[in-house]
Structure formats: C-alpha cells, structure tokens
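Close look at the chain arrangement
The primary structure of each chain is shown beneath.
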Amino acid sequence: MTDTVTIHVAGSAGHEPYDVLIGHQLLGELGGLIGTQARRVAIIHPEALAATGEAVREDLQAQGYEAIALQVPNAEEAKSAEVAAFCWSALGQTGFTRTDVIIGLGGGATTDLAGFVAASWLRGVRWIAIPTTLLGMVDAAVGGKTGINIPEGKNMVGAFHPPVGVLADLATLETVPVHDYVSGLAEVIKCGFIADPVILDLVEADPEGARTPGGPHTVELIQRAIQVKADVVSGDLKEAGRREILNYGHTLAHAIERNERYKWRHGAAVSVGMVFAAELGRLAGRLDDATADRHRSVLASVGLPLTYRADAWPKLLDAMKIDKKSRGDLLRFIVLDGLAKTSVLEGPDPSLLVAAYAEVSAT
C-alpha cells in the first residue's frame, strides 16, 4: 500500500466527496468503503471477469456480508435497458435496501451500468467503482456520470450519481488486451490537449512505452489524467459549466459509435473525434497549425485511428444533432483556442463541418 496515491474529488450538487485510490492490492479497502450499515453487496461484473467477480464475492461473504455476483455481457452490450432490468430484478429478489451497496467491477461499460443501476434502485443507493481497464480508470469511473445506451444514441438514459469511492488497481491492467489498452490512451491524450500538456510530452517521449501498462510513464500518465478529470468535475457534477471540456472529441465520437452499433472501441472513436475537432478549430480560425497537427502525430504514434468512412457523413451529422451536448437544433462542439485552452463553438456553418470532416475522411 506504500505506492498508493489518493486523488480527492470534491462534492457538489448535494453529493458527497469521494476518493480515487491508485495503486496495487486495493481490495483490502473495500470493507471500509462498504461500511457497517450495509448487509448486502451486489458485484456487477462482465462475463470476462467471472472468476474475479466470484473471488470478490467470496471475500465479502467471509467478511460477513450477504454478497451476490451479477454477471452481465461484456463491453457495451451490458449497457442496455434489458440488462439493467435484470439487475433490478436480482436486487429485488435479494431484498436490497437503501443501506446496501453495489460494486461495479470491470471496464467503463460495466461501471456505467452499475452506477446507473445504483442511481435508479430505490432512487439511489451507494456504489463503488473498481475499474479494470485504462479507459475505466481515467474516464468512466470518475465523475458520477452513469447511463445506458438506446438505439437512438449512447448514454441517452442515465443519471449523475457519484460513487462513494474508486479503487484503480493497476495490477488489473496487466491482462488488458493491447487494443483495449491503447483505446484508453485516447482519453489520456485528450486530458493532455484540454488541460495538462505534460501528458503529451510524456507520450511523445516514449510512444511505445505508453502503449503498455509496463511503460516507464504509465503511473504518471494515469495519475495526471485522473487528476484532470477530478479537478474538472469537482464543483461541476452536472455539466453546467467547465465540465463540458471533457467532451472534447466526443460529439463525433458518439455518432461514430452509434453508426458502428457500438462495435468500435470508445477510444478509437474519440481519437477520430479529436482530429475532427482540431480541424474544426483550425478552419474556424481558432487553433494554430502546430497544435492541430500535433493531434495527428501523438494519436498516430500510439496506434490510434485518425480517419473514418467518407460516405458516413450524412448519418453522423444526423446523430450529432441529437447528441446530449446539442441545444435544440444548435450543434455545439468543444474546440481549442490553443493548447489547454478550451472553448465552445456553437452552430458552426454547415460548410465548415463538411470541410472539417473531409480532413478525417477515408475513402
């Protein structure tokens, strides 16, 4: 536990503050987070982590809790109304009360689902996030956004419901497939462009090392990315102000994910979305050439995609119009006015959008 780093997320909008613990062998912290009032604990985990979910259940059972493990589909397939209903039914059959606790064990999709189930059960019960992927650690598990997908869009149904704690055990990253790990790097790199350029310097210093959890800068990259998100969401839980900057690259990314029926990795879509946002900022006369070009070089250096299908533009535009960040018929994009200088571009000329997309189009 000597290598554990604690990042504090301040409370807001009537929600309690909580800590993100980053280190190794953190499961020993679970009992303290669950507390003495809870009798029952439900561990929501994906099929791929069945053995881990059962091990956590057995450990909590040995500590005196009535623990159940709820297995859900892997990745985005877990984020559906049908899966949420399955979890609600299990909680009802188990007699879950407002003092009991839900644990989300897995990647970002699993913690999004677990948080939403916790937010909606009895109008809100406590939950703990144990992210096991890079994307989950630096993005999904921190900030209190929970939700599920519907055919009309990603995360269209959800709630702001922060966890009581996040345990980011770095040992779990050692078994993450390389493509999934690299996907998570997109959110890390995003934090570099919107708030902490040192992240970009570290990736550029050793792109190959950044692609692996054993890299020399891995711990610092994760800590810096989580710190960026913690700083932004503290005091702006419900995205009323500065939190919007975390959506950099996400407007187009969510449209791509919907077009791919959520078969594309989130980070891959965000990578293309950031290149699009950079080109949009450049064409709008806001972003300098060097910073716009740096998006391509940094993202490509770790193996993230820079382009998407040219013929998909009409569908992507329709999807962006119903994005959560839009206001009525007004499209809104987070863009950069410079490195770590974010702003909002509202209602850009359609020709500007077409020109920006042409820069990320693949024939």
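Residues numbered from 1 in each chain as written. Predicted model: local features only at pLDDT ≥ 70, side-chain atom pairs only at ≥ 80, totals over all residues. Heavy atoms only, no water.

As for its position among the elements, E174 is in the loop between β9 (165–169) and α6 (178–194). Residues E174 and L345, 171 residues apart in the sequence, show an inter-C-alpha distance of 39 Å. (Helix = DSSP H or I, 4+ residues; strand = E, 2+ residues; numbered from the N terminus.)

Turning next to the packing of helix α13 (residues 313–321) against helix α14 (residues 350–358). At their nearest, the axes of α13 and α14 sit 12 Å apart, and the two run at 125° to each other. Our classification of the angle between α13 and α14 gives oblique. Crossing handedness for the pair α13 and α14: right-handed. On α14, the residues touching W313, L316 and L317 of α13 are L353, V354 and Y357. (Axes fitted to C-alpha atoms, helices over the stretch in contact; angles between N-to-C directions. Parallel < 35°, antiparallel > 145°, perpendicular 65-115°, else oblique. Left-handed = near helix turned anticlockwise from the far one by under 90°. Contact = heavy atoms within 4.5 Å.)

This part takes up the domain arrangement of the protein. One can read the domain layout of the protein as domain 1 (5–173) and domain 2 (178–360). Between the C-alpha centres of domain 1 and domain 2 there is a distance of 26 Å. Opposite the 35 residues of domain 1 that make contact, domain 2 presents 32 residues. Interface area for domain 1 against domain 2, summed over the two sides, is near 2900 Å², with a carbon-plus-sulfur share of 67%. Among the residues of domain 1 in contact with domain 2, L134, V138 and K154 are the three that bury the most area, contributing 21% of the side total. The interface formed by domain 1 and domain 2 includes three salt bridges. The closest approach of N and O atoms between E77 and K263, which form a salt bridge, is 3.0 Å. Inspection of the domain 1/domain 2 interface yields 10 residue pairs in polar contact (both at pLDDT 80 or more). Broken down by secondary-structure element, the contributors of at least two residues to the side of domain 1 that touches domain 2 are β1 (5–9), β2 (18–23), α5 (134–140), β7 (145–150) and β8 (153–160). It is α5 that contributes the most residues to the side of domain 1 that touches domain 2, six residues altogether. (Domains from an automatic or database assignment. Buried area = accessible area lost by both parts, 1.4 Å probe. Salt bridge = Lys/Arg side-chain N within 4 Å of Asp/Glu carboxyl O. Polar contact = N/O pair within 3.5 Å; in protein donor to acceptor, adjacent residues only side chain to side chain.)

This paragraph deals with the UniProt feature "binding site: Zn(2+)" (unreviewed entry) in the protein. Annotation from UniProt places "binding site: Zn(2+)" (unreviewed entry) at E187, H250 and H266. Annotated residues spanning 80 residues; largest pairwise C-alpha distance 10.1 Å, indicating a single compact cluster. As for its placement among the helices and strands, E187 is situated in helix α6. If we ignore the near neighbours within four places in the chain, the residues touching E187 are L135, V138, D139, H250, H266 and V270. With respect to the secondary-structure elements, H266 resides in helix α11 (residues 266–283). With a relative accessible area of 11%, H266 lands in the buried category. If sequence neighbours within four positions are ignored, H266 has contacts with L135, D139, K154, S183, E187, H250, H254 and E257. Here K154 takes part through its side chain, which lies 3.1 Å from a polar atom of the side chain of H266. (UniProt positions renumbered as here; feature names shortened; annotations may be inferred. Buried < 20%, exposed > 50% of the residue type's maximum accessible area, 1.4 Å probe, protein only.)

Here we take up the pattern of salt bridges. Proximity of charged atoms lets side chains of opposite charge pair with each other. In the structure shown here, the tally under the stated rule is 25 salt bridges. Linking E208 and R211 is a salt bridge whose minimum nitrogen-to-oxygen distance equals 3.5 Å. Judged by its relative accessible area of 22%, R211 is partly exposed. When the shortest N-O distance is used, the salt bridge between E220 and R224 registers 2.9 Å.

What follows is about the nonpolar core. Counting residues in hydrophobic clusters, the biggest one holds 99 residues, and the most contacted among them are I102, L113 and F276. Of the residues that make up this core, three or more belong to each of domain 1 (5–173) and domain 2 (178–360). Setting aside its immediate chain neighbours within four residues, L113 contacts I44, V72, A78, V83, A84, C87, G147 and I148. Counting 17 residues, the second largest nonpolar core, distinct from the first, contains L26, L60, Y65 and L167. (Core = buried A, V, L, I, M, F, W, Y, C linked by side-chain atoms within 4.5 Å.)

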